[in-house]
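Structure at a glance
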Amino acid sequence: MTHGATLVANPAGKPPVDLRSDTVTRPTPAMYERMASAPLGDDGLDGDPTAQTLESSTAALLGKEAALYVPSATMANLLAILAQAERQELVLSEATSHIYVSERGAAALTGAFYESIAGIDGAMDLDLLGEALAPGLGRLRAGVVCLETSHNNAGGTVLPLEHMRAAFEASKRVGASVHLDGARLMNAAVALGVAAADISAFADTVSLCLSKGLSAPMGAVLAGSAATIWRARSLRKMLGGSQRQVGIAAAAGLVAVSTMVERLADDHLAARRLAEGIGRIAGLVAKRPQTNIVQVDVGATGLDATQWESALRRLGVLVRPWGRKRLRCVTHRHVGAEEIDLALAGFTAVAERIA
C-alpha cells in the first residue's frame with residue numbers, strides 16, 4: 001500500500017487527478033484572449049453583441065431559428081418548460097433523467113406536474129410514453145416531453161436517433177412539445193458521428209451546456225423557435241437571469257462551440273481506457289462507456305462508494321460517489337494518458353489494500 005500511495009499521491013508536486021466532473025475544465029488561452037477583446041453591451045437593455053453572436057451561431061449549429069444565452073443548463077431546461085408547458089400540464093421525463101431526478105423541484109415555479117417514464121440506459125419505454133401521452137377523461141394533458149443525451153445518470157449513454165424520432169413523433173401527435181436536455185449534446189454527436197443538428201431535429205427546444213467538456217467557464221444556450229425563445233427571454237428576466245456585460249463570458253462560449261467539439265473524441269478514448277483498466281481489477285466492474293462517463297460498481301469489494309471515494313482522495317484521485325455502490329468518473333481535456341495511469345494506480349492500490 002505504501003508503494004501504491006507514493007505512486008499516485010501527487011507525484012512531483014502534481015495536482016490530483018480530478019475525475020469528479022467535466023465541469024472542472026478551465027478556459028483555454030484562446031478563450032481568455034477572446035474574452036479580453038470581446039465587444040460588450042448591456043444584455044438587460046439593448047443587448048450584448050458578443051452574446052448575440054453566440055446565440056445566432058449556436059442556433060445555426062443546432063438547426064434552430066433562435067437561441068438564448070443563460071447562466072446554466074438548469075435554467076435553460078426550466079425556461080424551456082416554462083415557455084412550453086401550461087400550469088397543470090404534465091412534464092414527462094425518463095425516470096433517471098437529470099430533469100426528473102435533480103430538477104423537478106421546479107414544479108413549484110412551473111405549476112406543471114413532473115411524471116417519470118421508466119427506461120433502459122436513459123431511453124424511456126416508448127409504450128409507457130404512449131400510455132402517458134394518451135388523452136383520457138380526468139387525465140392531465142402532457143405539455144412537454146423531455147429527452148436527455150448524453151444521459152448523465154445512465155453513464156453517458158447516447159439515445160439512438162430512431163428512439164428520439166419515435167418519441168418526437170408520438171409527442172407531436174398529441175400536441176406536446178419536446179425538449180432535449182443536451183447538457184452534453186456535443187458528446188452525443190461525436191459518439192454518433194453526426195452533426196448536433198441531426199440530434200436536435202427531434203426536439204422543439206434544446207439546451208447546450210458550455211461549461212462541461214467544451215471548457216467554457218460558465219453558461220448554456222437554449223435554442224428553439226423564434227417565438228419560444230422570445231418568450232424564454234422574457235422569462236429569463238423574471239428569474240433574474242439577465243446579465244449585463246455578459247459578453248465577457250459569452251466570448252469563451254464562442255470559442256467553445258467553434259473549436260472544442262471535435263476534441264471530445266479524446267475524452268471518450270480516455271474514458272474507455274479507464275474503464276478497461278478498472279475492469280481488470282478484481283472486484284470492480286466498469287461498463288464500456290459510450291462517451292466520457294465511467295460508472296464503477298464497487299459492490300463486491302466490501303467497501304461502499306463513500307469509502308472508496310475517501311481512499312482514492314488520499315491517493316490523489318478525485319471521484320464522486322453515485323449511489324451506495326457506484327462511483328462516477330468523468331474524463332475531460334485535463335485528463336490525458338498520464339492521468340489515466342495515475343488513476344488506475346490509485347484504484348489498484350485501494351483494491352490491493354482490501355485484498
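Further up the page is the structure itself.
Below is a summary of the structure that appears in this document. (Residues numbered from 1 in each chain as written. Predicted model: local features only at pLDDT ≥ 70, side-chain atom pairs only at ≥ 80, totals over all residues. Heavy atoms only, no water.)

Re the overall build of the protein
Check the secondary structure of the protein and you find 15 helices and 15 strands. Referenced to the eigenvectors of the C-alpha coordinate spread, the extents of the protein come out at roughly 60 × 55 × 35 Å. Taking as baseline every contact in the protein between residues at least 6 positions apart, the subset at least 24 positions apart corresponds to 72%. Distance between charge centres in the protein, computed from 34 positive and 35 negative side chains, equals 4 Å. (Helix = DSSP H or I, 4+ residues; strand = E, 2+ residues; numbered from the N terminus. Contact = heavy atoms within 4.5 Å. Lys, Arg positive; Asp, Glu negative; His and termini not counted. Charge placed at Lys NZ, Arg CZ, Asp CG, Glu CD.)

Quick look at the packing of helix α14 (residues 305-314) against helix α15 (residues 337-354)
Remark: α14 packs on α15, axes separated minimally by 9 Å, with the N-to-C direction vectors making an angle of 120 degrees. One finds that α14 runs oblique with respect to α15. The two elements α14 and α15 cross, and the hand of that crossing is right-handed. In contact with W308, A311, L312 and R314 of α14, α15 contributes G346, F347, V350, A351, R353 and I354. Split into classes, the residues belonging to the contact of α14 with α15 amount to seven nonpolar, one polar and two charged. (Axes fitted to C-alpha atoms, helices over the stretch in contact; angles between N-to-C directions. Parallel < 35°, antiparallel > 145°, perpendicular 65-115°, else oblique. Left-handed = near helix turned anticlockwise from the far one by under 90°. Nonpolar A, V, L, I, M, F, W, Y, C, P; charged D, E, K, R; others polar.)

Quick notes on the nonpolar core
Residues L92 and L210 are the most contacted members of the largest nonpolar core, which totals 56 residues. Sorting elements by how many residues they give to this core places helix α12 (residues 247-259) first, with eight residues. If we skip the residues at most four places from it in the chain, L92 touches E115, I117, L129, A132, L133, A142, V144, V145 and C146. Counting 32 residues, the second largest nonpolar core, distinct from the first, contains V17, L19, A305 and F347. (Core = buried A, V, L, I, M, F, W, Y, C linked by side-chain atoms within 4.5 Å. Buried < 20%, exposed > 50% of the residue type's maximum accessible area, 1.4 Å probe, protein only.)

Quick word on unusual backbone geometry
Cis peptide bonds are those with omega within 30 degrees of zero, and the linkage from T149 to S150 qualifies with -10 degrees. Along the chain, S150 falls in the loop between β7 (142-148) and α8 (161-173). Despite not being glycine, Q88 has its phi angle at roughly 70 degrees, a positive value. Within the secondary structure layout, Q88 lies in the loop between α4 (73-84) and β3 (90-94). Although it is not a glycine, S215 sits at a positive phi angle of roughly 75 degrees. Mapping S215 onto the fold places it in the loop between β9 (205-209) and β10 (220-224). Taking relative accessible area as the criterion, S215 reaches 0% and is therefore assigned buried.

A short note on the pattern of salt bridges
Counted under the stated rule, the structure contains 14 salt bridges. Among the ionic pairs, D18 bridges to R20, the shortest N-O distance being 2.6 Å. Residue classification places D18 among the buried residues on the basis of a relative accessible area of 15%. Ionic pairing is found between E276 and R288, a salt bridge with its closest N-O pair at 3.4 Å. Remark: R288 occurs in the loop between β11 (285-286) and β12 (293-297) and E276 occurs in helix α13 (residues 264-279); sequence separation between them is 12 residues. According to the relative accessible area criterion, E276 is partly exposed, its value standing at 41%. (Salt bridge = Lys/Arg side-chain N within 4 Å of Asp/Glu carboxyl O.)

Looking at the pairing of strand β15 (residues 326-330)
For β15, a buried count of four out of five residues is recorded, marking the element as mostly surrounded by other parts of the structure. Where β12 and β15 come together, five bridges link them in antiparallel fashion. Note that in β15 the partner of Q295 across the bridge is R328. The pairing of strand β14 (residues 320-321) with β15 spans two bridges and is antiparallel. Within the sheet, the bridge partner assigned to R320 lies in β15 and is R328. (Pairing = 2+ DSSP bridges.)

Side note on the sheet that holds β15
Pairing is antiparallel across the open sheet formed by four strands, whose spatial order is β11-β12-β15-β14. Looking at which strands have only one partner, the edges of the open sheet turn out to be β11 and β14. Pairing of β11 with β12, which is carried by two bridges, proceeds in the antiparallel orientation. The residue bridging A286 from the neighbouring strand is V296, located in β12. Packed onto the sheet, α13 meets β11, β12 and β15 and runs at close to 10 degrees relative to β12. Sheet strands touched by α14: β14 and β15. Its angle to β15, the strand with the most contacts, is close to 45 degrees.

Section: the packing of aromatic side chains
With the rule as written, the count across this model stands at one aromatic pair. One Lys or Arg, R104, reaches over the ring of Y100 and ends 4.2 Å from the middle of that ring. (Phe/Tyr/Trp six-rings, centres within 6.5 Å; stacked < 30°, edge-to-face > 60°. Lys NZ or Arg CZ within 6 Å of the ring centre and 35° of its normal.)

Observations regarding helix α9 (residues 185-192)
Listing the buried residues of α9 in full gives L185, M186, N187, A188 and A189. Contacts made by the buried residues of α9 are with α3 (49-62), β8 (177-182), α10 (196-200), β9 and α13. Positive backbone phi, approximately 70 degrees, marks G193, located one or two places after α9.

Remarks on the sheet that holds β7
If you walk across this open sheet you meet the seven strands as β2-β10-β9-β8-β7-β3-β4, and the pairing is mixed. The sheet is open, and its two edges are formed by β2 (66-70) and β4 (113-117), each paired on a single side. Strand after strand, the sheet turns through a mean of 20 degrees between neighbouring axes, direction not considered.

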